[in-house]
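An overview of the molecular structure
For reference, the chains in residue letters:
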Amino acid sequence: MSASMARFASVRTLSQAQARRIALAAQGFLDPPHTPPTMRTLTRTLDRTGVLQVDSVNVLQRAHYMPLYSRMGPYDVDLVRRASEGRPRRIVEYWAHVQALMPVELWPVMRHRMARYRDGRHKWWGSVVTEELTANLLAEIQDRGASTARDLDDGLPRTKENWGWNWSSTRRALDYMFMVGDVAVAGRNGQFEIRYDLPERVIPREYLEAPTPPEAEANRELVRRAARSHGVATARDLADYYRMRLQPKAGLHAAQDAIDVLVEEGELEPVRVEGLTRKAYLHRDARLPRRVRARSLLSPFDPVVWERERTEALFDFYYRIEIYTPVEKRVHGYYVLPFLLGDRIVGRVDLKADRRTGLLMVKAAYAEPGAPAETAEELTVELERLAGWLGLHTVVIEPRGDLAPALMSLVPAELG
């Protein structure tokens, strides 16, 4: 046996259930509720999740609102607007996981990522994004203030005779400028379009003017945050949380370098987890509760389930989002949410909010193998709670899935 294998053989082992409870505790499912949730509640929850993935799908609720609901319960979504657009600005959009809201203090940490995108301009954005085009855009945003791509396209020349302006080049240029940090996201309008502005009008001065940490230090900060949010995770999980390279390449630092340093410093402990073939790492501040009493629906973009291999390993839950799957090939539905009960995922439901009629449509409902007898009853309570938060007055169960009959017998005709 090699020395490295001998060291791995000597590490402690966590059961799958222990790892699951650690992961849920790290994500904030043990935090006591505030009624009603306040900005303090939101800040605490964001400290657990680290980032909130942003996605345009609105069949139920925007992706970045749902993880907060899953942990905090019904809350005023204007808290998110205040945190991302008001003063003091607490969060800002950037490519942190994918498009995501991240703590604004991560802006200096992300500058190495911004620099790599700048170096790869022609690789990712082609020849359309010229210095003349970006300079004209910056000048226009300077004069107009926060603007959408549509605002800029409507107000500026479109012909190729005047520096190549058209809709596609507008979007491509703004995308590039966002990725390299030349503009920042000031917010979104009612159509969910990004409003771009100069970073100095978005990022608080203390973070805008903060020095850029060395890349190795920046990577350690991202891995440290990922480890706190995961509780226990493989190296691949830790790298994925902030979409980092796992292994070094061309002399650049990567997540594995940061992991090795954090292990050496005692912040991460190598462990085994039953059911995982890869080595895992336990954060030194991770909690291992005896029980987790969660009851919540999880968005497809929730950090608990967004790394599908991890979800399957910890929860025995095979999950794929089927939005882009042809209708005839979908197994469970279009927008399917896992149902978390206790420390297990015990079911899944395909949901749609029909805002025009005030209905929460349960298009399908399925129990997982071994789901407890109270699953339908608990899910009914959660569906009613979700409908109330969304401002819908009736839950309608369609007869698809093995949980549907029980739900149909339990759900009231109209919510009180």
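Shown above is the structure to which this text applies.
Okay, so let's go over this structure. (Residues numbered from 1 in each chain as written. Predicted model: local features only at pLDDT ≥ 70, side-chain atom pairs only at ≥ 80, totals over all residues. Heavy atoms only, no water.)

Details of the sheet that holds strand 8 (residues 268-273)
Where we set the bar: Here the rule is simple: two strands pair whenever DSSP picks up at least two bridges between them. Helix and strand definitions here come from DSSP, where helices need a minimum of 4 consecutive H or I residues and strands a minimum of 2 consecutive E residues; each element is numbered from the N-terminal end. When checking whether two residues touch, look at their non-hydrogen atoms; a contact exists if any pair is within 4.5 Å. In this description, a line fitted to the C-alpha atoms serves as the axis of each element, helices being fitted only across the stretch in contact, and the angle between N-to-C directions of two axes falls anywhere from 0 to 180 degrees.
Read across the open sheet, the 4 strands follow the order 1-8-9-7; overall the sheet is mixed. Each having just a single partner strand, strand 1 (13-14) and strand 7 (232-234) make up the two edges of the open sheet. As judged from the 3 bridges shared by strand 7 and strand 9 (residues 280-283), these two strands associate in the antiparallel manner. When the sheet's bridge partners are listed, Thr 234 is paired in strand 9 with Ala 280. Lying over the sheet, helix 12 (residues 215-230) contacts strand 7, strand 8 and strand 9, oriented at roughly 85 degrees with respect to strand 9. Here helix 14 (residues 255-264) sits on the sheet in contact with strand 8 and strand 9, set at roughly 105 degrees to strand 8.

Observations regarding helix 6 (residues 111-119)
We count it as follows: Relative accessibility thresholds used throughout: buried, under 20% of the residue-type maximum; exposed, over 50%; partly exposed, between the two (1.4 Å probe, protein chains only). Note that the arc is defined by the directions from the helix axis to the C-beta atoms.
For helix 6, every residue scored as buried is listed here: Arg 111, Arg 113, Met 114 and Tyr 117. With its buried residues spanning 155 degrees around the axis, helix 6 presents them on a single face.

A look at the side chain of Ser 70
Residue position: Ser 70 is located in helix 4 (residues 66-72). What Ser 70 contacts, discounting residues up to four positions off in sequence, is Phe 29, Ser 296, Leu 297, Leu 298 and Asp 302.

As for the pairing of strand 5 (residues 184-188)
Burial analysis of strand 5 places 4 of its 5 residues in the buried class, which makes it a mostly covered element. Examined bridge by bridge, strand 5 and strand 6 (residues 194-197) share 4 bridges and lie antiparallel to one another. Of the residues in strand 6, the one forming a bridge with Gly 187 is Arg 195. Once strand 5 ends, the chain turns through 5 residues before running back antiparallel as strand 6, passing Phe 192 with a positive phi of about 70 degrees.

Brief notes about the packing of aromatic side chains
Put simply, the rule reads: Side-chain rings of Phe, Tyr and Trp, where Trp is taken by its six-membered ring, are said to pair if the distance between their centres is within 6.5 Å; with planes under 30 degrees apart they count as stacked, over 60 as edge-to-face, and otherwise as tilted. Counting as a charge over the ring demands two things of the Lys NZ or Arg CZ atom: a distance within 6 Å of the ring centre and an angle within 35 degrees of the ring normal.
A complete count under the given rule lists 7 aromatic pairs for this structure. Judged by centre distance (4.5 Å) and plane angle (15 degrees), the ring pair of Tyr 69 and Trp 389 falls under stacked. Of this pair, Tyr 69 sits in helix 4 while Trp 389 sits in helix 16 (residues 375-390), and the two are 320 residues apart along the sequence. A single burial state applies to Tyr 69 and to Trp 389, both of which are buried. Among the aromatic side chains, those forming a connected cluster through ring pairs are Tyr 69, Tyr 75 and Trp 389. Here the guanidinium or amino end of Arg 62 rests over the ring plane of Phe 192, the centre of that ring lying 4.0 Å away.

Focus: the pattern of salt bridges
For the record, the criterion: Criterion for a salt bridge: a side-chain nitrogen of Lys or Arg within 4 Å of a carboxyl oxygen of Asp or Glu.
Under the defined criterion, the tally for this structure stands at 27 salt bridges. Across the pair Glu 307 and Arg 236 runs a salt bridge whose closest N-O atoms are separated by 4.0 Å. Taken as a pair, Glu 307 in the loop between strand 10 (294-297) and helix 15 (308-315) and Arg 236 in helix 13 (residues 235-241) lie far apart in primary sequence, 71 residues in all. Taking relative accessible area as the criterion, Glu 307 reaches 12% and is therefore assigned buried.

Remarks on unusual backbone geometry
Each neighbour pair has its own omega, and for Thr 35 with Pro 36 the value is -5 degrees, a cis peptide bond. With respect to the element layout, Pro 36 can be found in the loop between helix 2 (16-26) and helix 3 (39-49). Of note, the bond from Arg 87 into Pro 88 is cis; its omega dihedral lies within 30 degrees of zero at 0 degrees. Despite not being glycine, Phe 192 shows a phi value in the positive range, around 70 degrees. Mapped onto the secondary structure, Phe 192 falls in the loop between strand 5 and strand 6.

Notes on the sheet that holds strand 2 (residues 52-53)
Read across the sheet, 3 strands follow the order 2-4-3 without closing on themselves; strand pairing throughout is antiparallel. A strand with exactly one partner marks an edge of an open sheet, and here the two such strands are strand 2 and strand 3 (91-95). With 5 bridges connecting them, strand 3 and strand 4 (residues 99-103) associate as antiparallel partners. Residue pairing in the sheet places Val 92 in a bridge with Met 102 of strand 4.

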